[in-house]
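If you want the building blocks of each chain, they are given just below.
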Amino acid sequence: MMAALRPGAFLLLLLFFLLLPPPLRAEEPSPEPPAPPEDRAAAGERLRSRPAPVTDVAKLCTCDLLVAQCDVNCCCDPDCSAADFSLFTTCSVPIVTGDSRLCSQKAAVYSLDVKANPPERVFQLIDHVNPSVFCIHATNYKQALYFPSPEMPTPENFDELFKKFGSAAFSAEPESWNLDSDAPNPSDANETYRYEYGVPIQTVDGFLRLPSPVVSSWCSDANPAGFLVNQATKCIRSVSVGKCGNIQAVSMLFYTNSSILAVPKSSQMVNITVQSVVIQSLNGMRTLLNSKDVLRHPMILDELCMNVVLGVSYHITYTDAGEIIEAAASFVLGAINKEALSVQQSFEISFTQVNTKPVPLSGNPGYVAGLPVRAGFKPQRYPFPIAVLLSSLVVSTNTYGQLTILQSTSNQDCLTAQGGRTPVLFGYNMISGCKLRITAAVKCQPLTQALLDLLKGQSFPEYVASFGNSQAENVHDWVPIIHLQNSEQSDNERIYNNFQSSCQIPVSLEIEVKWTKYGSLVNPQARIVNVTATTTTTTLKQLPSGRERTIPILSSVVFTDISSPAEPGYKAWPTINAKLPFDFFFPFV
């Protein structure tokens, strides 16, 4: 009976739900009329639109290296013919695309149909999809997709290009500087000014000028001198003898009449003093003037323009706080005749920190071929803290502590060569010598000491810098010089001379410098690891009265590369030494 009642109950429930009123709901806005088909197509086209590709991949070929010739297996080479393609074995560049960062772009696909007779090249232009999630879907900046061709200078646009790009390589023009240092600036009230590396040195009327050539070899006064930037420039200045007095750039006053600001945007000024004045004659001879306090202005004398500035050398002294405390200028003045239409000027600027002694370097860090080998002495207080390792040498020809050898002279006379030294240049094998005439009246002991002074100099250094920039404080960066003795006589002669009164005199000094390549394989640095000085002696027998003997004295330097073959090295895998807290697995363990 239950099975018979189920269809009736279902019909009653269906009738009950149909008779119920509909549920209440908020009033919906009336739908907008559908857009025409052409408007929807235009909107979709705007969403999908992007700039046309700048690079035509069908014309791009990265394996086309030969000009007007077919490159082997280069299927995109336009110089190859069908006969050339039939000889290809494969395509060296099978696919050519533009920017790989785009999500979708055109790609040129090249392949060979080896089943054809003869084999043919197959070219297809397909849509290449970048599978990367991070890709460029659309590019709206066309200039970012290629390198625009620079505008070539012409007589018509030269002034415009020079105004736009000429000063950018150096600095802004003086008009763009804020020279009103007395005007208060609220934002700069609590700021401490100092010169930093490369910042133009400011003066009361702009910046310190260091003339240099810009486009051509002619001088331009728009080049500022940067702080701590050592510069040396040469340029040509147009002059005329009749108007040399009116040309400011050839007068000493032009380079000294402006005061330097001690720090940027300050009222404290440092005057430029004249350190030295050298007069150069027409034949190139130079004379140092004793009086340097008087400014010499250009003047015309006997169809010559005198006191023309040929060279200026600035020397700036600064503190570790970036403050300039002293500025000096050295001048080279000369004369020009009426036939001269131009004059070459040289300019230089150097910087020295106060209470320090400048020491020239021979590399950074490794030695540079052709620069002097640096040498020095061990101070008396070693190994206690030392202030400087390079002590002043006795001879003035070795002021900067350089390893030197005997300097050869034109007449090869050792007596005239005494005192003359030439620096040892890194990487350059050198040999020098002279001839010594000995008479019977010469004493052994004074002669031996004189020859040692001739070969080694009055003060032969004890250490050599292992690097070109080794500092005096780093004692381990200095290599001691090993001294060896060698004799030209045989064993029998040595035994015989022990019983006879003989004189052993030094005749040669051989310096061997062993160096190696240090650092990475990409940029190895030259490092000195060993220096040996070998003095060779010979026996001087007693000469008969009235007789003379000539002995050659030699000094040489040899550089030996002892670098082992370079092998790439890899670091060891890191070891993991991690300790977990004692309750890390609580409450499971």
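Residues numbered from 1 in each chain as written. Predicted model: local features only at pLDDT ≥ 70, side-chain atom pairs only at ≥ 80, totals over all residues. Heavy atoms only, no water.

### As for the sheet that holds strand S24 (residues 525–540)
- The mixed open sheet is built from 7 strands, whose spatial order is S17-S21-S22-S24-S23-S25-S20. Single-partner strands in this sheet number two, and they are strand S17 (375–376) and strand S20 (430–439).
- Taken together, the 3 bridges between strand S21 (residues 463–465) and strand S22 (residues 478–487) define a ladder with antiparallel strand orientation. In the strand pairing of S22, alanine 465 is matched with tryptophan 478.
- Relative to strand S23 (residues 503–518), helix H7 (residues 444–456) is tilted by about 20°, and along the sheet it contacts S20, S22, S23, S24 and strand S25 (548–561). (Pairing = 2+ DSSP bridges. Helix = DSSP H or I, 4+ residues; strand = E, 2+ residues; numbered from the N terminus. Contact = heavy atoms within 4.5 Å. Axes fitted to C-alpha atoms, helices over the stretch in contact; angles between N-to-C directions.)

### Some words on the sheet that holds strand S2 (residues 104–113)
- One open sheet holds the 3 strands; their spatial order is S1-S2-S3, and the pairing between them is antiparallel. The open sheet has two edge strands with one neighbour each: strand S1 (95–97) and strand S3 (120–129). If you compare each strand with its neighbour and ignore which way they point, the axes differ by 20° on average.
- Where S1 lies against S2, 3 bridges are found, and the strand directions are antiparallel.

### Some thoughts on the state of the cysteines
- Applying the stated rule across the entire model yields 9 disulfides.
- One disulfide bridge connects cysteine 103 with cysteine 135, the sulfur atoms lying 1.9 Å from each other. The S-S bond linking cysteine 103 to cysteine 135 shows a torsion near 100°; that makes this disulfide right-handed. One end of the pair, cysteine 103, is in the loop between S1 and S2; the other, cysteine 135, is in the loop between S3 and helix H4 (158–166), with 32 residues separating them in the sequence.
- A relative accessible area of 26% places cysteine 135 in the partly exposed class.
- Across the disulfide, cysteine 244 is cross-linked to cysteine 305 (sulfur-sulfur distance 2.1 Å). When the S-S torsion is 105°, as for the bridge of cysteine 244 with cysteine 305, the disulfide is right-handed. With a gap of 61 residues between them, cysteine 244 in the loop between strand S8 (231–238) and helix H5 (253–256) and cysteine 305 in strand S14 (residues 304–318) connect regions that are remote in the sequence. (Disulfide = S-S within 2.5 Å. Buried < 20%, exposed > 50% of the residue type's maximum accessible area, 1.4 Å probe, protein only.)

### With respect to the environment of valine 343
- Mapped onto the elements, valine 343 comes out in strand S16 (residues 342–353).
- The exposure class of valine 343 is buried, given its relative accessible area of 7%.
- For the pair valine 343 and isoleucine 236, spaced 107 residues apart in sequence, the C-alpha to C-alpha distance is 5.6 Å.
- Once residues within four sequence positions are removed from consideration, valine 343 is found in contact with Cys235, Ile236, Arg237, Val239, Leu310 and Ile336.

### Let's talk about the packing of aromatic side chains
- One pass over the structure, following the stated rule, counts 12 aromatic pairs.
- A connected cluster of aromatic rings, assembled from ring pairs, spans Tyr195, Phe227, Tyr318 and Phe351.
- The cationic tip of arginine 209 hangs over the ring face of phenylalanine 207; the distance from NZ or CZ to the ring centre is 5.5 Å.
- Directly above the aromatic system of phenylalanine 460 lies the positively charged group of lysine 456, at a separation of 5.9 Å from the ring centroid. (Phe/Tyr/Trp six-rings, centres within 6.5 Å; stacked < 30°, edge-to-face > 60°. Lys NZ or Arg CZ within 6 Å of the ring centre and 35° of its normal.)

Just geometry here; none of it tells us what the structure is for.
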